[in-house]
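Survey of secondary and tertiary structure
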Amino acid sequence: QVHLVESGGGLVQAGGSLRLSCAASVRTSSNYAMGWFRQAPGKEREFLAAISWSGGSTYYADSVKGRFTISRDKSKNTAYLQMNSLKPEDTAVYYCAKSKVYPIVVAATTAYDYWGQGTQVTVSS
């Protein structure tokens, strides 16, 4: 069953920007986290950013801090990832995720219960 749907991926030149969206249809608790991860071929899934749905607190991996911004639109049940100054090494499949309750460790893949199908982001040189 599809609970999260990512969109907004595509091909962009280095230095460009993309905005990813994650629409959530699954209902959990009123307090949970939404996160963004990415995975390149042959590599582990990497945490990028997370946001507290109720309070709006944000968390970022050092690798994307200052370039990526996570946000939410409560009325649309949608999370976003604004990606600026993209680099070829950002090329990966990007996933959004949602927890049932607010997690202890927001950067851990095991903290999340629902995952989207992924959207490809390719950054050319």
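Please refer to the structure higher up on the page.
Once a new chain begins, its residue numbering starts again from 1 and follows that chain's sequence as written. With pLDDT at 70 or above as the cut-off, local features in this predicted model cover only qualifying residues; side-chain atom pairs require 80 or more to be listed or tallied, and sums for whole chains, interfaces and linings still use all residues. Only heavy atoms go into the side-chain values, all of them from the structure, while hydrogens and water stay out.

Residues Trp-36, Leu-81, Met-83, Tyr-94 and Tyr-112 are the most contacted members of the largest nonpolar core, which totals 37 residues. Working definition: helices are DSSP H or I runs of at least four residues, strands are E runs of at least two. Numbering for both runs from the N terminus. Within the residue set of this core, elements represented by two or more residues are strand E3 (18-24), strand E4 (33-39), strand E5 (46-52), strand E7 (68-73), strand E8 (78-83), strand E9 (92-98) and strand E11 (119-124). A contact between two residues is defined here by any heavy atoms of the two lying within 4.5 Å. Beyond its immediate chain neighbours, meaning those up to four positions away, Tyr-94 contacts Glu-6, Leu-20, Phe-37, Arg-38, Leu-48, Phe-68, Leu-81, Met-83, Gly-118, Thr-119 and Val-121. Note on terminology: a nonpolar core comprises buried Ala, Val, Leu, Ile, Met, Phe, Trp, Tyr and Cys residues joined through side-chain atoms within 4.5 Å. Relative accessibility decides the category of a residue: with a 1.4 Å probe and only protein chains considered, values under 20% of the type maximum give buried, values over 50% give exposed, and everything between is partly exposed.

We now examine the state of the cysteines. In this description, the term disulfide denotes a pair of cysteine sulfurs within 2.5 Å. For the structure on display, the rule yields 1 disulfide. Disulfide partner of Cys-22: Cys-96, at an S-S distance of 2.0 Å. Handedness of the Cys-22-Cys-96 disulfide follows from its S-S torsion of about 60°: it is right-handed. Here Cys-22, found in strand E3, pairs with Cys-96, found in strand E9; they are 74 residues apart in sequence, far enough to count as distant. You'll find Cys-22 and Cys-96 in the same group, each marked buried.

Of all 7 residues in E3, 5 are buried, a share of seventy percent or more. What makes two strands pair is DSSP finding at least two bridges between them. Of the strand pairs in this sheet, strand E1 (residues 4-7) and E3 are connected by 4 bridges, and their pairing is antiparallel. Each residue of the ladder has a partner; that of Val-5, found in E3, is Ala-23.

Time to look at the sheet that holds E3. Judged by pairing direction, the sheet is antiparallel, and its 4 strands sit side by side in the order E1-E3-E8-E7 without closing on themselves. Whereas interior strands pair on both sides, the edge strands pair on one side only; in this sheet they are E1 and E7. When strand polarity is set aside, the average angle formed by the axes of neighbouring strands in this sheet is 15°. Inspection of the sheet shows E3 paired to E8 by 6 bridges, in the antiparallel sense. Its bridge partner being in E8, Leu-20 is matched across the sheet by Leu-81. Axis geometry follows a simple rule: fit a line to the C-alpha atoms, using only the stretch in contact for helices, then measure angles between N-to-C directions, giving values from 0 to 180 degrees.

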